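Analysis of the macromolecular model
Here's the letter readout for the chains.
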Amino acid sequence: MAVTGFTGANNIAPQRERSVDVAIIGAGPAGLTAAYLLTKAGLSVAVIEKDETYVGGISRTVEVEGYRFDIGGHRFFSKSRQVVDLWNEILPDDFIERPRMSRIYYEGKFYSYPLRAFEALWNLGILRSTLCMASFAKARLFPNRQVKSFEDWTVNAFGWKLYSIFFKTYTEKVWGMPCDEMSADWAAQRIKGLSLWGAVVDGLKRSLGLNKVPNDGMQAKTLLETFRYPRLGPGMMWEAARDKILASGKGEVLMGHALKQLSSDVSGGWRLTASHGAGETVIRARHAISSAPMRELAARLHPLPESSLNATQLRYRDFLTVALKIRSDDLFPDNWIYIHDSKVKVGRVQNFRSWSPEMVPEQGVACVGLEYFCFEGDGLWSMSDDDLIALATRELTQLGLVEAGQVFGGAVVRQEKAYPVYDEDYASHVAAMRRELEDRHPTLHLVGRNGMHRYNNQDHAMMTAMLTVENILVGERVYDVWCVNEDAEYHEAGAEGAEAELGSRRAPSADQAAALASLRDVPERVVPATRDAA
């Protein structure tokens, strides 16, 4: 939904200067959560968003000719009761319950995700399965004792053949670096609780009716069977939040407004300058909340922070979706499938109707989104929309999912800075900037994925905003929004809203920590070691 026509949500701001309690950079989940809660508390806010049309950031829903696209796929799940309650408050009547299904697609066959050993070996055929088991046996008998990389760890756990089929290709597509340069620690976290031998034994038990545990006994990685989803996509949540902010009479959302400068004034407040098509708008505020990428914020802060050099070293992985309209029933029932094929560039394929039937307006038409992981400015990112649509059509045909003549339309959505990169020095760069800004600017607050350079889930971004609002209301940093329970077993396991306590000072409550633990595993780069294939 475009915002043109909403009072206060303007592409051209008629008032060139205004004063508010809080200026907010970015109308994504973190920025709009903060704005909504602040206006509820009676404070005035102004939110700037550089996108001319959509709120929600990476959680927006793009609409083209009535077709709706979810940028990356967003299941609405949180173990934090406060986050769940806020979702229900903002969007009380438009959630639907959807079945969860994600599989791996390899050489024309579907494989369960997480992998089920018997199914995988059956699909691979006798010869390849025998080679996989021999490779696994070799890895168990003669393991690599110098485990440094993702490749080392995974080959030890599964053997070279299974690693090369089910782990190597997709992982390298997503992160844009070889698996022998990704840390073994990341593999241990990412694939924790999964072993081939355990899956085989569990499969035998299940075949004999002796084990009823789902997902091949991998209790630590049990996935949700269903999830909640806004019927018109995740952007529906953030459009509703925007509307409530505007309806409060205390807030405005300025679309097509990009941060030009954020200057500290002599009284500890802020002067924010935003550029737009009609010139510039100035916002004066007592507090500033930023969900902008740390690298961009540092370059636009005045005075320039000493840690700006650290910020310039932060890197990001970018992402684009090519949505295709296809004359066909749905190609598969999954929400998305993972493409483990090195002969194509696509990493995942979303089926938008599986997210919500209302995402696709026509019967007899399938709409899928091919997701490509890239770096801004590289060959994929720089291709024209027409060339990307042609590439996606060609690859979908190559995978055997469609015939080229069935595709009759397409659209491209680019998402810059989708994933913060965790290289060798990112943590020290982030820490340097965080320390300096907290020490020098107590009224500047960093929130959200890019605002904190953390690969997080939507509920983590929201909780950083919720705690920041509490800090602003009491006039000091009583909560540390950077606090994370690193050992929390979080992702899509356990009951929604399972943690229900309210907060305590400084240390977040169990409920708040549940959302702050909603981070995603990211590989760190290591120096590759030469090794022999097992």
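Note that this is a predicted model, so its numbers are computed, not measured. (Residues numbered from 1 in each chain as written. Predicted model: local features only at pLDDT ≥ 70, side-chain atom pairs only at ≥ 80, totals over all residues. Heavy atoms only, no water.)

As for the packing of aromatic side chains
Following the criterion strictly, the structure yields 25 aromatic pairs and no others. Between tyrosine 170 and tyrosine 338, the aromatic rings sit 5.2 Å apart at their centres with planes inclined by 90°, giving edge-to-face as the arrangement. Taken together, the residues tyrosine 170 in helix H6 (residues 160-175) and tyrosine 338 in strand S15 (residues 336-339) connect sequence positions 168 residues apart. With a centroid separation of 5.7 Å and an interplanar angle of 45°, the aromatic rings of phenylalanine 319 and phenylalanine 373 are classed as tilted. Placement of the pair is phenylalanine 319 in strand S14 (residues 316-327) and phenylalanine 373 in strand S17 (residues 365-374), with a sequence separation of 54 residues. Through successive ring pairs, a cluster of aromatic residues spans Tyr113, Tyr170, Trp175, Phe227, Tyr229, Phe319, Trp336, Tyr338, Trp355, Phe373, Tyr419 and Tyr455. (Phe/Tyr/Trp six-rings, centres within 6.5 Å; stacked < 30°, edge-to-face > 60°. Helix = DSSP H or I, 4+ residues; strand = E, 2+ residues; numbered from the N terminus.)

Considering the sheet that holds strand S7 (residues 109-112)
Strand order in the open sheet formed by seven strands is S7-S6-S15-S16-S17-S14-S18, with mixed pairing between adjacent strands. Two strands in the sheet have a free side with no partner beyond their single neighbour: S7 and strand S18 (407-420). Direction aside, the axes of adjacent strands within the sheet are offset by 25° on average. Pairing of S15 with strand S16 (residues 348-351), which is carried by three bridges, proceeds in the antiparallel orientation. By the bridge assignment, tryptophan 336 is partnered in S16 with glutamine 350. Across the sheet, helix H3 (residues 117-124) is in contact with strand S6 (102-106) and S7; its angle to S7 comes to roughly 165°. Where helix H14 (residues 385-398) meets the sheet, its contacts fall on S14, S17 and S18, and the angle it forms with S14 comes to roughly 70°. (Pairing = 2+ DSSP bridges. Axes fitted to C-alpha atoms, helices over the stretch in contact; angles between N-to-C directions. Contact = heavy atoms within 4.5 Å.)

Here we look at unusual backbone geometry
At the junction of histidine 302 and proline 303, the peptide bond is cis and its omega measures out at 0° in the coordinates. Position of proline 303 among the secondary structure elements: in the loop between strand S13 (301-302) and helix H11 (308-312). Look at glutamate 65: it is not a glycine, yet its phi comes out positive at around 55°. A residue is classified by how much of its surface remains accessible, and glutamate 65, at 65% relative accessible area, is exposed. Even without a glycine there, the phi angle at lysine 417 is positive, about 55°. Tracing the chain through its elements places lysine 417 in strand S18. (Buried < 20%, exposed > 50% of the residue type's maximum accessible area, 1.4 Å probe, protein only.)

Topic: the packing of helix H4 (residues 126-141) against helix H5 (residues 150-158)
Contact geometry for H4 and H5: axes closest at 6 Å, N-to-C directions at 110°. Relative to H5, the element H4 lies roughly perpendicular. For the pair formed by H4 and H5, the contact residues are Phe136, Ala139 and Arg140 on the first element and Val155, Asn156, Ala157 and Phe158 on the second. Grouping the constituent residues of the contact of H4 with H5 by class yields five nonpolar, one polar and one charged. (Parallel < 35°, antiparallel > 145°, perpendicular 65-115°, else oblique. Nonpolar A, V, L, I, M, F, W, Y, C, P; charged D, E, K, R; others polar.)

Quick notes on the confidence of the model for the chain
Looking at the chain as a whole, the pLDDT averages 86, with 83% of positions reaching at least 70. Segment residues 213-223: pLDDT under 50, and 30 contacts once partners within four positions in sequence are set aside and those in other chains are kept. Segment residues 500-505 is flagged for pLDDT under 50; beyond a separation of four residues in sequence, or across chains, it makes 15 contacts in the model. (pLDDT = per-residue confidence, 0-100.)

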